[in-house]
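The lines below spell out each chain.
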Amino acid sequence: MRVRAQLAMVMNLDKCIGCSTCSVTCKQTWTNRDGVEYVWFNNVETKPGIGYPRSWEDQPHWRGGWRLDRQGRLRLRSGGRWRRLARIFANPDLPTLDDYYEPATYDFDNLLSAPASDQMPVARPLSAVTGRPLRLEWGPNWDDDLGGSALYAAHDPNWAGLSQSVQRSFETTFMFHLPRICEHCLNPACVAACPSGAIYKRQRDGLVLVDQDKCRGWRMCVTACPYKKIYLNRTTAKAEKCTFCFPRVEAGLPTVCATTCVGRLRYIGLVLYDLDRVEPALAVPDDQLVAAQRGLFLDPADPAVAAQALADGLPPDWLQAAQASPIHALAIRHGVALPLHPEYRTLPMVWYIPPLSPVLDATAALGGDNASADDICQAVAGLRIPLAYLANLFTAGDVDLVAGALMRLAAVRSHMRSVTVGRPDPADTAAAGRSAAELEALYRLLAVAKPKDRYVIPAAHREEAAELAQWTSGCPLDRLPLGIAP
Amino acid sequence: MSTILFGVWPYLAGAVCLVGHVWRWRFDQFGWTSRTSQLMEKRWLAIGSPLFHLGALMVIGGHALGLLVPASATRAVGLSDHAYHLVAVGGGVAAGAVFAAGAVILTIRRFLSRARFRLSNRPADLVMYALLGITAGFGLGGTLVLNAFGQGYDYRPTIAVWFRGLFVLDPRPELMAAAPWPYQVHVLAALALIAWWPFTRLVHVWSVPLGYLIRPPIVYRRPPS
Ligand code: HEM
Ligand code: SF4
Ligand code: SF4
C-alpha cells in the first residue's frame with residue numbers, strides 16, 4: 001500500500017440552477033486574456049445536450065481517454081506513442097475553433113459615435129478573433145435549457161443504446177445542468193499524451209498542471225483529454241487548463257467556482273488512495289468500473305491507513321483534513337456521488353451527486369407523493385428514461401448504481417419529513433439500508449453544511465512555499481526533477 | 001565584396017544563430033513552441049503540413065549528402081558521376097517538389113484564413129516565411145533551370161568545397177563568387193534564414209520530442225527532498 005492524497009470535488013447537481021456564475025467568475029479570474037477568449041475552464045451545459053465543445057462525449061469521433069485493447073491492456077484511444085509522433089505535423093483529431101465557438105465582443109463604440117439618426121444605434125457583435133462583424137450562431141451552452149433541442153440535444157452521445165421513442169420524449173421528461181471543470185484525473189490522459197512531458201501531476205495534492213515553459217505546442221493533450229478540458233491558447237500556442245485555483249487552495253481557500261456558486265453545491269476535500277491499486281482498477285471491464293474506482297479510496301479513519309499515510313510523508317494536518325473530508329463522506333461513506341464517464345478510464349476526481357429532481361417531477365406527474373420514499377422508489381424503478389441516461393453519464397451504463405444513489409437521496413427526503421412532522425417511519429431508513437443517524441448526517445452535509453464543512457482544504461506548508469512557487473511557475477533556472485510514479 | 005558576402009557573412013550568420021539560440025533558450029522558454037495554428041484551420045493543414053515537413057527533412061538530408069560528401073567519396077564507392085548526377089538531381093527535385101507543394105498549400109491556407117490569422121501572425125515569423133520562400137525558390141529554380149533543363153552545373157567542385165571549407169576555417173569565397181547568380185542568392189538568403197532562425201517559431205525544430213518514446217506515461221512532480 002502506497003498512500004497518496006488527492007484534492008477532489010463533488011457537485012450536487014440537484015442544486016444547480018444553471019446560472020453560470022461559476023463560469024463567469026472563473027473566466028474573470030483565469031481566462032480573460034487574449035488568446036483564450038473561447039476558453040471556459042469551468043462551463044455549465046444543459047443535459048440532455050451536446051455540450052462544449054460540440055459533442056465532446058463522442059469518443060469514437062474525438063478519440064479522447066483510454067480504452068482496453070484486445071489483450072486487455074490500457075491504451076490511449078488516440079493511439080500509441082509512435083502513432084502520436086507520426087501525426088505530430090497535423091493532429092487529425094483536434095477540435096477547431098468552430099467546434100468550440102467563435103468568441104465575440106460587441107461594437108460598443110458605435111453606441112457613442114453613431115451620428116444622430118431616427119434609429120437607435122446598435123452594438124453589433126464582432127468576432128474577438130478576426131475583429132469583423134459576426135453572426136452569432138453557436139456558443140457554449142447555446143442549447144441552454146433545451147433550447148433548439150430537436151437540433152442539438154437529440155445528438156447527445158449519451159442516448160447511445162436508448163430507443164428512438166425514448167429520445168424523442170425527453171423534452172417532456174427531464175433536464176438538468178452539468179457544471180464541468182478539469183477532473184484532475186488520477187490517470188490523466190493529457191499527461192500521458194504530452195510529447196514534451198510538460199503536463200504533470202503534483203504528488204502532494206494531485207493537481208494536474210501545465211508547465212508553460214516546457215509546453216512546445218504539440219497539441220496532443222487536447223485530443224487525449226476525453227473531457228476536452230485542456231485548451232490551446234490561440235496567441236501563445238500553448239496548452240492551458242483549469243488549475244483548481246492552486247494559489248487559493250494552497251492557502252486553504254476553496255476554488256473561485258466553488259466560492260461563488262450561488263447554489264452552494266460544490267464540496268472540496270482530500271481523498272486518500274492506494275497508488276498500488278490504480279493499475280488494477282483501470283483494467284476491469286466497464287460494468288465493474290465504478291466499484292473499482294470506489295475501491296481505490298482508503299478510509300482515512302482506519303488506523304492502518306493513517307499510519308501508512310504518515311509513513312508515506314503525508315503531514316498530520318493533511319491526514320486530519322482527509323478524515324474530515326466531505327468528498328470521502330459523499331462518494332464513499334454515503335455513496336451518493338458518482339464519477340463522470342468512468343468508462344473513459346482517466347479516474348476523474350470531480351464527482352457528481354445525480355439529480356433527483358427529474359425523478360421527483362416524474363413522481364408527481366405519476367400522481368405519487370414526491371416526499372414519500374416508497375412513491376419515489378417506485379418512480380425510480382419505473383423511470384427507465386432518466387435512469388438509463390444518467391447511467392450513461394455516471395456509471396458506464398449501470399442503472400442499478402444510479403438508482404441506488406437516487407433512492408438514498410429520496411430516503412433522506414422522506415426521513416427528514418417524517419422527523420419534522422414528528423412521525424419517524426422505520427420503513428424509510430430500512431428502504432435505504434441506512435440508519436437514521438446516517439441519513440441525518442447526509443442531510444446536514446447536503447442541506448445545511450457551512451463552508452468549513454463543505455471545504456476541508458489543508459493549506460500548503462509554509463516551509464514548502466518557496467518550492468511550490470517554483471513548481472508552478474516552472475522557473476527555468478531551477479527546474480525540479482521529473483519523477484516516475486514515486 | 002565577395003569576401004564579405006561569402007567569407008564573413010557565413011560566420012556572422014552562424015554566430016548570430018548560435019548566440020541567438022542560447023539567448024532565446026535562456027530567456028524565452030515561454031515563447032519556445034511550434035506556434036501551432038491548427039485550432040484556426042485544420043483541413044488544409046492536414047495535407048500541407050506533413051508534405052511541407054517531409055519535404056523539409058528530405059531537403060535538409062539532401063543538402064547534407066550533397067555538400068558534405070566530397071566527389072572523391074562517391075567515386076570511391078563506385079558511383080559514376082553520371083549516376084550521381086541522376087540521383088542528386090532526381091532526389092533533389094523530388095524533395096523540392098514535395099516541400100514546395102506543402103509550402104504552397106500552407107501559403108494558400110494562410111491566405112484563405114487570413115482573417116483568423118491576422119491577429120496571431122508575428123512579424124518575426126513573417127520575415128522568416130519570406131526568407132524561406134526566397135531560399136527555396138532560388139534553390140529549386142536554380143536546380144531546375146541549370147541542371148534539369150539547362151546544360152548542367154556541377155556544384156561539387158565549387159559550392160560544396162566552399163561549404164566544407166567554412167567548417168575547417170578555410171573560407172574560399174572566390175569559389176562561391178564564381179557560382180551562377182541564382183545559387184548565390186540561394187546561399188545568401190539561406191544564411192539570413194540561419195541567422196534569423198532563433199528569433200522565430202523555427203526553434204521548434206530543436207525540440208523534437210524523441211524522449212517521449214521512453215518516458216513513463218504519467219509525469220509526477222514532487223518537491224526535492
Ligand atoms: C522533425 C522535426 C519537426 C517537427 C516535429 C515539427 C513540428 C511542427 C508542428 C507541430 C508545427 C505546427 C503545425 C500546426 O499545428 O500549425 C510546425 C509548423 C511549422 N514548421 Fe515544423 N517541425 C519539424 C521540423 C521543421 C523544419 C526542419 C522546418 C523548416 C525548415 C519546419 C518549419 C515549420 C514551419 C515554417 C511551420 C509553420 C507552418 C505554418 O503554420 O504555415 N519544421 N512544425
Ligand atoms: S480532465 Fe483534466 S486531468 Fe483529466 S485528462 Fe482532461 S485535462 Fe487531463
Ligand atoms: S454557480 Fe453554482 S448554481 Fe450557478 S451554474 Fe455554477 S454550479 Fe450551477
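Caption draft 1: Region of the structure containing the overall build of chain B. Within chain B, the secondary structure is distributed over nine helices and one strand. Counting from the amino terminus, chain B carries its helices and strands in the arrangement α-α-α-α-α-α-α-α-α-β. Projecting the C-alpha coordinates of chain B onto the three principal axes gives extents of approximately 60 × 45 × 40 Å. Buried residues in chain B amount to 42% of all 225 residues. For chain B, the proportion of contacts with a sequence separation of at least 24, taken over those separated by at least 6, is 82%. Counting only carbon and sulfur atoms, one obtains 76% of the accessible surface of chain B, whose full area is about 11,900 Å².

Caption draft 2: The arrangement of the layout of surface pockets in detail. Taken as a whole, the second largest pocket holds about 620 Å³ of empty space. Around the second largest pocket sit 27 residues that line it, and Trp66, Leu74 and Asn187 of chain A together with Pro217 and Ile218 of chain B are the ones nearest its centre. At the level of secondary structure, the elements contributing two or more residues to the lining of the second largest pocket comprise strand 3 (66-68), strand 4 (74-76), helix 3 (81-86) and helix 11 (275-282) of chain A. Among the elements that take part in the lining of the second largest pocket, helix 11 of chain A stands out by supplying five residues, more than any other. For the lining of the second largest pocket, the class distribution of residues is 17 nonpolar, four polar and six charged.

Caption draft 3: Representation of the environment of Val210 of chain A in the model. Residue and element names in this part refer to chain A. With respect to the element layout, Val210 can be found in strand 9 (residues 208-210). Spatially, the C-alpha atoms of Val210 and Arg87 are 22 Å apart, while their sequence positions differ by 123 residues. Leave out the neighbours within four places in its chain, and Val210 touches Ala198, Ile199, Tyr200, Cys215, Ile230, Ala239 and Lys241.

Caption draft 4: Expanded view of the coordination of the iron atom of ligand 1. Residues and elements named next belong to chain B. All of the protein donors around the iron atom of ligand 1 are His53 (NE2) and His204 (NE2); their distances to the metal are 1.9 to 2.0 Å. Around the iron atom of ligand 1, the six donor atoms sit at angles spanning 84 to 179°, and that spread fits a shape best called octahedral. One end of the pair, His53, is in helix 2 (residues 43-68); the other, His204, is in the loop between helix 9 (181-196) and strand 1 (220-221), with 151 residues separating them in the sequence.

Caption draft 5: Structural view of empty space enclosed by the protein. Overall, the coordinates contain 10 cavities of 30 Å³ or more when judged by the stated rule. In this model, the largest cavity occupies a volume close to 160 Å³. Residue lining of the largest cavity: 17 residues in total, with Arg234 of chain A together with Arg35, Thr36, Ser37 and Ser120 of chain B positioned closest to the centre. Taken together, the residues of the lining of the largest cavity break down into six nonpolar, five polar and six charged.

Caption draft 6: Representation of the site of ligand 3. Around ligand 3 there are 14 residues in total, and Cys16, Cys19, Ser20, Cys22 and Cys261 of chain A lie nearest to it. Residue classes in the shell around ligand 3 are distributed as nine nonpolar, four polar and one charged.

Caption draft 7: Expanded view of the interface of chain B and chain A. Counting from both sides, the interface comprises 44 residues of chain B and, opposite them, 65 residues of chain A. Carbon and sulfur atoms make up 60% of the surface buried where chain B meets chain A, a total of about 5,100 Å² over both sides. Applying the counting criterion to the chain B and chain A interface returns three salt bridges. As a salt-bridge pair, Arg221 of chain B and Asp211 of chain A come within 2.8 Å of each other at their nearest N and O atoms.

Caption draft 8: Expanded view of the side chain of Asp93 of chain A. Positionally, Asp93 of chain A belongs in the loop between helix 3 and helix 4 (97-100). Residue Asp93 of chain A is classed as buried on the basis of its relative accessible area of 9%. Residue contacts for Asp93 of chain A: discarding those within four places in its chain leaves His61, Trp62, Arg63, Arg83 and Thr223 of chain A together with Lys42 of chain B.

Caption draft 9: Representation of a nonpolar patch on the surface within the structure. Residue and element names in this part refer to chain A. Where nonpolar side chains cluster on the molecular surface, the patch consists of Tyr106, Phe108, Leu111, Leu112, Leu136 and Trp142 and spans about 630 Å² of accessible area. Relative to the assigned elements, Leu136 resides in the loop between strand 6 (125-127) and helix 6 (164-168). Here Leu136 falls in the partly exposed class, since its relative accessible area comes to 38%.

Caption draft 10: Geometry of helix 11 of chain A. For helix 11 of chain A, the complete set of buried residues consists of Leu275, Val278, Ala281 and Leu282 of chain A. The arc that holds every buried residue of helix 11 of chain A, seen down its axis, measures 95°, which confines them to one face. Where helix 11 of chain A is buried, its residues contact strand 1 (3-12), strand 3, strand 4, strand 12 (266-274) and helix 12 (289-296) of chain A together with strand 1 of chain B. If you check the start of helix 11 of chain A, you find a side-chain oxygen 2.9 Å away from the backbone N of Asp276 of chain A, and it comes from Asp274 of chain A.

Caption draft 11: Up close: the pattern of salt bridges. Enumeration according to the criterion identifies 24 salt bridges over all chains in this entry. Linking Glu37 of chain A and Arg234 of chain A is a salt bridge whose minimum nitrogen-to-oxygen distance equals 3.0 Å. With Glu37 of chain A in the loop between helix 1 (21-30) and strand 2 (43-47) and Arg234 of chain A in the loop between strand 10 (230-232) and strand 11 (239-241), the pair connects residues that are 197 residues apart, well separated along the chain. A relative accessible area of 17% means that Glu37 of chain A is categorised as buried. We classify Arg234 of chain A as buried; its relative accessible area is 7%. For the salt bridge of Glu102 of chain A with Arg116 of chain B, the shortest nitrogen-to-oxygen distance reads 3.3 Å. Note that Glu102 of chain A is positioned in the loop between helix 4 and strand 5 (104-106) and Arg116 of chain B in helix 5 (residues 114-117), a pairing that runs across two chains.

Caption draft 12: The confidence of the model for chain A, seen in detail. Taken over all residues, the pLDDT of chain A has a mean of 89, while the share at 70 or more is 91%. A low-confidence stretch, residues 473-486 of chain A stays under pLDDT 50, and its non-local contacts, those more than four residues away or across chains, total 36 contacts.

Caption draft 13: Quick peek at the packing of aromatic side chains. Considering all chains together, one arrives at 24 aromatic pairs over all chains under this definition. Between the aromatic rings of Tyr38 of chain A and Tyr100 of chain A, the centroid separation amounts to 4.8 Å while the plane-to-plane angle is 65°, which identifies the pairing as edge-to-face. Here Tyr38 of chain A is found in the loop between helix 1 and strand 2, whereas its partner Tyr100 of chain A is found in helix 4, with 62 residues between them in sequence. When the ring centre of Trp56 of chain A is taken as origin, the NZ or CZ atom of Arg180 of chain A, which lies over that ring, is 3.6 Å away. A cation sits over an aromatic face here: Arg110 of chain B above Phe117 of chain B, 4.5 Å from the ring centre.

Conventions adopted
Residues numbered from 1 in each chain as written. Chains lettered and ligands numbered in written order. Predicted model: local features only at pLDDT ≥ 70, side-chain atom pairs only at ≥ 80, totals over all residues. Heavy atoms only, no water. Helix = DSSP H or I, 4+ residues; strand = E, 2+ residues; numbered from the N terminus. Buried < 20%, exposed > 50% of the residue type's maximum accessible area, 1.4 Å probe, protein only. Contact = heavy atoms within 4.5 Å. Areas by Shrake-Rupley, 256 points an atom, 1.4 Å probe, with all protein chains shown as cover. 1 Å grid on protein atoms, 1.4 Å probe; cavity = no way out; pocket = protein on both sides within 12 Å on 5 of 7 lines; lining within 4 Å. Points joined across faces, edges and corners; volume = space filled by probe spheres on them. Nonpolar A, V, L, I, M, F, W, Y, C, P; charged D, E, K, R; others polar. Donors = N, O, S within 2.8 Å, 3.2 Å for Na, K, Ca; no water. Tetrahedral: all angles 85-135°; square planar, octahedral: opposite > 155°, others 65-115°. Near = heavy atom within 4 Å. Buried area = accessible area lost by both parts, 1.4 Å probe. Salt bridge = Lys/Arg side-chain N within 4 Å of Asp/Glu carboxyl O. Patch = residues over 30% accessible without salt bridge, like charges linked within 9 Å, V, L, I, M, F, W, Y side chains within 5 Å. Arc of directions from axis to C-beta. Polar contact = N/O pair within 3.5 Å; in protein donor to acceptor, adjacent residues only side chain to side chain. pLDDT = per-residue confidence, 0-100. Phe/Tyr/Trp six-rings, centres within 6.5 Å; stacked < 30°, edge-to-face > 60°. Lys NZ or Arg CZ within 6 Å of the ring centre and 35° of its normal.

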